[in-house]
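Spelled out from the first residue to the last, the chains are:
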Amino acid sequence: MVSASIHELVTSQRTFFASGVTLDVHWRVAALESLRQAILRQENKICAALEKDLNKCALESYMTEIGMVLEEIRYVQKHLRQWSREKRVPTPLSQFPARSFISPQPYGVALVMSPWNYPFQLAIEPLIGAIAAGNCAVVKPSAYAPASSQAIADLINSCFQPEFVAVVQGGREENAALLDEKFDFIFFTGGVEVGKLVMEKASRNLTPVCLELGGKSPCIVDETADLPLAARRIIFGKILNAGQTCVAPDYLLVQEGVKDRLVALLRKEIHRSLGPRPLECPDYGKIVNEKHFRRLLSLLEGETPLEGGEADPATLRIAPTILEPASPQSPVMAEEIFGPILPVLTFRQLEEAVDFINARPRPLALYLFTGSRQTERLFLDRCSFGGGCINDTVVHLATSHMPFGGVGNSGMGSYHGKASFETFSHHRSILKKYPWPDLPIRYRPYTARNARRLRRFLG
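Since the structure is predicted, the reported quantities are computational estimates derived from the model, not experimental observations.

On to helix α3 (residues 43-54). The first and last C-alpha atoms of α3 sit 16 Å apart over 12 residues, in line with the 16 Å expected at 1.5 Å per residue. Of all the positions in α3, only I46, C47, A49, L50, D53 and L54 are classed as buried. Take α3 and look down its axis: the buried residues cluster within an arc of 160°, on one side only. Along α3, exposed side chains directed more than 90 degrees from the buried face belong to N44 and K52.

Once that is clear, we can look at the sheet that holds strand β1 (residues 87-89). The strand order across the open sheet built from 3 strands is β1-β2-β20, with neighbouring strands paired in antiparallel fashion. Across the chains shown, the open sheet's two edge strands, defined by having one partner strand only, are β1 and β20 (425-433). On average, each strand axis in the sheet is inclined to that of its neighbour by 30°, with strand direction left out of account. Inspection of the sheet shows β1 paired to strand β2 (residues 98-106) by 3 bridges, in the antiparallel sense. By the bridge assignment for β2, K87 is matched with I102.

Moving on, we come to the side chain of S400. Structurally, S400 is set in the loop between β16 (387-390) and β17 (404-405). Among all residues touching S400, those that are not within four sequence positions of it are E71, E72, Y75, H416, G417 and K418.

A word on empty space enclosed by the protein. Tallying each qualifying case throughout the model produces 1 cavity of 30 Å³ or more. Looking at the largest cavity, its volume works out to about 50 Å³. Lining the largest cavity are G215, K238, G243, T245, A248, P249, D250, E336, I337 and F338. Residue composition of the lining of the largest cavity, by class: 4 nonpolar, 3 polar and 3 charged.

Scoring rules and cut-offs
Residues numbered from 1 in each chain as written. Predicted model: local features only at pLDDT ≥ 70, side-chain atom pairs only at ≥ 80, totals over all residues. Heavy atoms only, no water. Helix = DSSP H or I, 4+ residues; strand = E, 2+ residues; numbered from the N terminus. Expected span 1.5 Å × (residues − 1). Buried < 20%, exposed > 50% of the residue type's maximum accessible area, 1.4 Å probe, protein only. Arc of directions from axis to C-beta. Pairing = 2+ DSSP bridges. Axes fitted to C-alpha atoms, helices over the stretch in contact; angles between N-to-C directions. Contact = heavy atoms within 4.5 Å. 1 Å grid on protein atoms, 1.4 Å probe; cavity = no way out; pocket = protein on both sides within 12 Å on 5 of 7 lines; lining within 4 Å. Points joined across faces, edges and corners; volume = space filled by probe spheres on them. Nonpolar A, V, L, I, M, F, W, Y, C, P; charged D, E, K, R; others polar.

Structure (structure tokens):
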């Protein structure tokens, strides 16, 4: 039954796309405006859903979800007409006389699968790119954030017909049915293992994918760093959404000589941000469900926290926790933490930190706190990662001017701003050949004379 209804939905979107309505750039701009107005009307409802699922306060919900989406729509609307134009490129002399140009074209019907940690932003931001490029889209929110999933469905239903944009709610059965359908593009945000499954399913239909995954994003602090500023910005990035952020600092690599001072500053910053009893702070987020709550507690087993470690099963909260792992092979260092736990490891020479990072899968983000230009260049030149910050954390993704995406195990493809439009577009290369003169050099029979002429143009 689920498979049949989803197949019917995808078929209706294919019919609508074939009508050519979405090819009109002005129509796309108007569709984005409808989405923007609907978000403004339903902002309070969206905030209430985020609070119910993750205990996000209104300010954090606007800063990390609603506000980012509104800014993305504004930016895309401003530039969409320019991005959609055919772009003329040089024509080689061997093709004379002709005109060469690149023409962006929508894929068709796209699937957007979003996660639970930023359920609104990570569903709507890729949808903006899909609409801007001229696609129809099916959005599948995570079942782990049910209130947000319903808010997204209500939002989309209020401004779009399902044959253009539709929301499919549900769990594994719906996910499986969607992945069994033939889409023209799939955009997935989530964990590595599910990302592999999405890619495997997509490969059966040769469907292109964009995978936004995660990983253990390192944060390096050397002896030249501004330690009070580093502590403040590290804790900001770590406790945002109770650590359930794909680009949160996953672990610290701190130069030995400044470790004790930095840890003291981190502890001070936790108390400044959340008070002496973080579990009682009303606007501190909660872990999304008991399964993830228990998983995080299991990572603390056998470890001695330098700060925090307290947990409240009734509210699914874990206090921000700083710990020095028993070894780099401890369970807390074996997987992406995705919670408010921050392991601290030390290094003596910068090369040690570089080697430590490079010995592991390439992370989604890297953060470096330093006052040295040479140190900046060392890590930028030697380490491969999706994106990151120098002397800050997390905020590199909060811009429409730069693409955001991973590399290797942390994902493939990118989005935000123009990158979103390009991700959801196929860029056709077109050569318009003029009928005269029609040079005989390329036609048979091949002769020595024509070969000499050809060498003048090529090689």
